[in-house]
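These are the residues of each chain, in order.
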Number of protein chains: 2
Amino acid sequence: MRAVQARPRIIVIGGGFAGLWAVRGLRRAAADILLIDSRNHHTFQPLLYQVATAGLAAPSIAAPLRHILRRQSNVTVLLGQVTSLDVPQRQVRIGETAYPYDYLLVATGAAHAYFGHDEWAAHAPGLKTLEDALAMRARVLRAFERAEAAEDPAERDAWLTFIIVGAGATGVELAGTLAEIARHTLKDEFRRIDPATAHVLLVEAGPRVLPAFPEPLSANARRHLERLGVVVHTGRPITRVDERGVLIGAEPIAARTVLWAAGVAGSPLGRALGVGVDSAGRVPVTADLSIAGHPEVFVAGDLARVERPSGLVPGIAPAAKQMGHHVAQTLRARLRGTRGKPFRYRHYGLLATIGRMAAVVDLGRVRLTGVVAWWFWLVAHLFFLIGFRNRLVVLIDWANAYWTYRRDARIIVDGSP
Amino acid sequence: MRAVQARPRIIVIGGGFAGLWAVRGLRRAAADILLIDSRNHHTFQPLLYQVATAGLAAPSIAAPLRHILRRQSNVTVLLGQVTSLDVPQRQVRIGETAYPYDYLLVATGAAHAYFGHDEWAAHAPGLKTLEDALAMRARVLRAFERAEAAEDPAERDAWLTFIIVGAGATGVELAGTLAEIARHTLKDEFRRIDPATAHVLLVEAGPRVLPAFPEPLSANARRHLERLGVVVHTGRPITRVDERGVLIGAEPIAARTVLWAAGVAGSPLGRALGVGVDSAGRVPVTADLSIAGHPEVFVAGDLARVERPSGLVPGIAPAAKQMGHHVAQTLRARLRGTRGKPFRYRHYGLLATIGRMAAVVDLGRVRLTGVVAWWFWLVAHLFFLIGFRNRLVVLIDWANAYWTYRRDARIIVDGSP
């Protein structure tokens, strides 16, 4: 009779695209998997901006991790905040409790970077979680309320000025949607202000919007944004953010609402791995996504710095899924006693919407703009959204928003008036 | 040429059923109406418990007041918290700004009463607003998470014990739904606990559940609750609530989750009217819902104490709507120079659901129970829900929940893990 061998313990920190896809890829593995997340749900991050701009309810783009994984009996889901990592001892700690592992995947993603000005965060919130999205929604809706109540014209203008910092996909999507809300959604609802007079400014330090896209698509996106009424500033860095507004270069602009969609900072847990991080806080990984000197520790998703001939693997959902999937493959190989293959990123393309019925899509050889790109974007996002109910409800909300310009999640639920 | 007469100024405080129905009833009135609410949305309170128990997303039962009233050009909606009322001077204040009125309607509703134990509120939250509902949802979902993480069996049991205080409609609805969640929704999702072992206790100081209903319906509701696994205690008052649990009479019960659905306390603004309040903080009104000595000041909805031969007018949505409607009628009469009629409450009936596919309905001569009552409840609530999209999305969520036992709003979005 052979001694019963203990099943290997795999800990996955983070239930985003990388972590969740890794766990799912291990569904037939003879291992005990512990998935730790500080939230109880997986968030479909590509649609966060729609929650922030009141187009969708929070539950439409999130699903409880437990529910997604309920049939995968080799997984235990734990709600908790990892307080420390001990790589030499192979332990993860949540408060007083230590969880030992044989293999570890850290997939805790990234937050926004304020380029060394963390004090800007209070005035210019970012958009990475559902909490962020609900806070941003409340902030934007309340700005119009404050403008309506304001007696002083200068104050009213400051409440009606919205600045979006960073013209990547999120910044472009926020700017386009805000312009649409000001011009259409809120029509006829105010008595003292005209929401259509709101200023929406998109400010980008680099030379063009959507810098990851080919130049012609950037130019197309910019034209669409300007047609929607967005004022686009490129090549102009923000040099200050405070409660009164921003400095663009040396020019002060009074604005009570500044939204941050610039810069990336890898989750602080990355530093605890002991292999250093790059300037954006990302952890350098080896060919199979493990870290140097510790083949049992993997990093995937936005937290991983993965080189490829044409630059870094981008911080987008498909890349995170591929990495998660690859870590699962490698672990399955290791459990069989064989070696895994190196990770190869497959780039399918980039998408960004620009308000109503316009988008840009870069599929390499194929480039789409306008309405066609928008339909492509819509179908792709609906297809990848987790859960049948979500898809149906999101489709209804979008159809409704399309025909009526209404955005039915326009409720402020964070308390203070 | 006649001098232009200034249009009378009507201020309505509170955009609940009473306030909103009053404003809508004045849509053709030659008056300037100011609707003040501390929230930007009307809440469909009868379905709050479904948001609290993760069956519906918050936007499904709320609609922005501005949007509802966008076509009514004699109304200005103002988001703000009234800080004082000056009845002799006919002024309402929001911070530094005073708003004069010719007619005033105070319709700020009621909160929960803790019978002189306000310190219980922190441990036993009530359910009156969407914020309350989201906080309650997070508390309930987190309790199961804490139970899963607990190492100590006594602690685990305390996290798996849910006490609902007060067996009116809200208490019964919460208890029934919680039992359903524990036994069905969360099935297979946990690895260390069995959610079906959760204890759901419904505690009522009075002699029976649903005291406003006829006795046979109370008995029916109790049987249904017990079949769902709810332990019902009647005739047993709660004598203490703290972080460890409750005292029922002298019996201590360890429970980390206590939900409050007992008692009513009129909004504090009622006291500022200067005509006294009853023991529940409600303002006594005259036959036309104005207050004694001030025919220009009205109170409607849950804040009003309205006598009728068979007792008080109940604090339910249809009563609030009727009062709001009646105040609008009276004001229209006054604006025409005639006198209004006294308010007459029409009681159509009472409804309460008890979990899945069961309800009790009391329509006076007609009484319904079980499945028939549940269908009646469903159709009535869908019919009265504001907004087409809401109805459709709610229907999808309910159909989905019915077939699958899933509750898709099961996300915790208040931050702390």
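This is a predicted model, so every value here is computed, not measured. (Residues numbered from 1 in each chain as written. Chains lettered and ligands numbered in written order. Predicted model: local features only at pLDDT ≥ 70, side-chain atom pairs only at ≥ 80, totals over all residues. Heavy atoms only, no water.)

A. Examining the overall build of chain A more closely. Within chain A, the regular secondary structure consists of ten helices and 27 strands. A compact globule built from 417 residues would reach a C-alpha radius of gyration of about 22 Å, and chain A, at 22 Å, matches this within 12%. Considered along the principal axes of its C-alpha atoms, chain A spans approximately 85 × 50 × 45 Å. Within chain A, the proportion of its 417 residues that are buried is 58%. Counting only contacts in chain A whose residues sit at least 6 apart along the sequence, the fraction spanning at least 24 positions is 64%. Within the structure as shown, chain A displays about 17500 Å² of accessible surface, and the carbon and sulfur contribution to it stands at 54%. Computing the positive centroid from 50 side-chain charges and the negative centroid from 35, chain A places the two 11 Å apart. (Helix = DSSP H or I, 4+ residues; strand = E, 2+ residues; numbered from the N terminus. Rg over C-alpha atoms; globule rule 2.2 N^0.38 Å. Buried < 20%, exposed > 50% of the residue type's maximum accessible area, 1.4 Å probe, protein only. Contact = heavy atoms within 4.5 Å. Areas by Shrake-Rupley, 256 points an atom, 1.4 Å probe, with all protein chains shown as cover. Lys, Arg positive; Asp, Glu negative; His and termini not counted. Charge placed at Lys NZ, Arg CZ, Asp CG, Glu CD.)

B. Structural context of the sheet that holds strand β27 (residues 366–369) of chain A. Residue and element names in this part refer to chain A. Taken in spatial order, the three strands line up as β25-β26-β27 in an open sheet, and their pairing is antiparallel. Edge positions in the sheet fall to β25 (350–353) and β27, since each of these pairs with one other strand and no more. Within this sheet the neighbouring strands show an average axis-to-axis angle of 5 degrees, counted without direction. In this sheet, β27 lies alongside strand β26 (residues 359–363) in antiparallel orientation, the contact comprising four bridges. Bridge pairing links Val 361 to Leu 368 in β27. (Pairing = 2+ DSSP bridges. Axes fitted to C-alpha atoms, helices over the stretch in contact; angles between N-to-C directions.)

C. Quick peek at the interface of chain B and chain A. Listed as interface residues are 53 residues of chain B and, on the opposing side, 53 residues of chain A. A combined buried area of about 4700 Å² lies between chain B and chain A, and 58% of that area is made up of carbon and sulfur atoms. If you look at where chain B meets chain A, you find two salt bridges. Of the charged contacts, one joins Arg 66 of chain B and Glu 145 of chain A as a salt bridge, the two residues approaching to 2.7 Å between their closest N and O atoms. Where chain B meets chain A, there are 14 residue pairs in polar contact (both at pLDDT 80 or more). Taken together, the elements giving at least two residues each to the side of chain B that touches chain A come down to β4 (62–64), α3 (65–68), β5 (75–79), β8 (97–100), α4 (130–149) and α10 (388–404) of chain B. Sort the elements by how many residues they give to the side of chain B that touches chain A and α4 of chain B lands first, with nine residues. Taken together, the residues of the side of chain B that touches chain A break down into 24 nonpolar, eleven polar and 18 charged. (Buried area = accessible area lost by both parts, 1.4 Å probe. Salt bridge = Lys/Arg side-chain N within 4 Å of Asp/Glu carboxyl O. Polar contact = N/O pair within 3.5 Å; in protein donor to acceptor, adjacent residues only side chain to side chain. Nonpolar A, V, L, I, M, F, W, Y, C, P; charged D, E, K, R; others polar.)

D. Inspection of the pairing of strand β1 (residues 9–13) of chain B at higher detail. All names here are of chain B. Counting buried positions along β1 gives four out of five residues, so the element sits mostly inside the fold. The pairing of β1 with strand β2 (residues 32–37) spans five bridges and is classified as parallel. Pairing of Arg 9 across the sheet is with Asp 32, part of β2. As a crossover connection, the stretch from β1 through helix α1 (residues 17–25) into β2 is right-handed. Of the pairings in the sheet, the one linking β1 to strand β9 (residues 103–106) comprises four bridges and is parallel in character. Paired with Ile 11 across the bridge in β9 is Leu 104. (Right-handed = clockwise from strand over helix to strand, strands pointing away.)

E. Representation of a nonpolar patch on the surface within the structure. All names here are of chain A. A grouping of Leu 363, Val 366 and Phe 376 is seen on the molecular surface, where their side chains present a nonpolar patch of about 220 Å² in accessible area. Relative to the helices and strands, Leu 363 resides in strand β26. Since its relative accessible area comes to 30%, Leu 363 is described here as partly exposed. (Patch = residues over 30% accessible without salt bridge, like charges linked within 9 Å, V, L, I, M, F, W, Y side chains within 5 Å.)

F. A look at the relation of the copies chain B and chain A. Under the fitted operation, chain B is carried onto chain A by 0.0 Å of movement along the axis and a turn of 180 degrees, and the coordinates agree to an RMSD of 0.0 Å. With respect to symmetry, the two chain copies, as superposed, fit the operation of a two-fold axis. The share of interface residues of chain B whose copies in chain A are also at the interface is 100%, consistent with both copies meeting through the same surface. (Least-squares fit on C-alpha atoms with pLDDT ≥ 70 in both.)

G. The arrangement of the sheet that holds strand β6 (residues 84–86) of chain B in detail. Residues and elements named next belong to chain B. Reading across the sheet, the three strands line up as β6-β7-β8 and stay open at both edges, with antiparallel pairing between neighbours. For this open sheet the edge positions go to β6 and β8, each flanked by a neighbour on one side alone. Strand-to-strand, the axes of this sheet are offset by a mean angle of 25 degrees, without reference to chain direction. Relative to strand β7 (residues 91–94), β6 runs antiparallel, the two sharing three bridges. Opposite Leu 85, over in β7, you have Val 92 as the bridge partner.

H. The environment of Val 12 of chain A, seen in detail. Tracing the backbone through its elements, the reader meets Val 12 of chain A in strand β1 (residues 9–13). Excluding residues within four positions of it along the chain, Val 12 of chain A makes contact with Gly 19, Val 23, Ile 33, Leu 34, Leu 35, Ile 36 and Leu 105 of chain A.

I. Inspection of the pattern of salt bridges at higher detail. Under the defined criterion, the tally for this structure stands at 26 salt bridges over all chains. Put simply, Asp 242 of chain B and Arg 240 of chain B hold a salt bridge, and the shortest N to O gap is 3.4 Å. Owing to a relative accessible area of 12%, Asp 242 of chain B belongs among the buried residues under this scheme. On the accessibility criterion, Arg 240 of chain B (37% relative accessible area) is partly exposed. When salt bridges that share partners are traced, they join Asp 278, Arg 282, Arg 305 and Glu 307 of chain A into one network.

J. Representation of α1 of chain B within the structure. For α1 of chain B, the tally of buried residues reaches eight of nine residues, placing the bulk of the element in the interior. The complete set of buried residues in α1 of chain B reads Phe 17, Ala 18, Gly 19, Leu 20, Trp 21, Ala 22, Val 23 and Gly 25 of chain B.

K. Spotlight on unusual backbone geometry. Residue and element names in this part refer to chain A. The phi dihedral of Phe 115 is positive, around 50 degrees, even though this residue is not glycine. Mapping Phe 115 onto the fold places it in the loop between β10 (110–111) and α4 (130–149). For Asp 188, which is not a glycine, the phi torsion comes out positive at approximately 70 degrees. You can see Asp 188 is positioned in the loop between α6 (169–185) and β12 (199–204).

L. Looking closely at the side chain of Thr 76 of chain B. Along the chain, the position of Thr 76 of chain B falls in strand β5. When its relative accessible area of 17% is taken as the criterion, Thr 76 of chain B is described as buried. Not counting residues within four places of it along the chain, the set of residues in contact with Thr 76 of chain B comprises Glu 148, Arg 191 and Arg 192 of chain A together with Ile 33, Leu 34 and Leu 35 of chain B.

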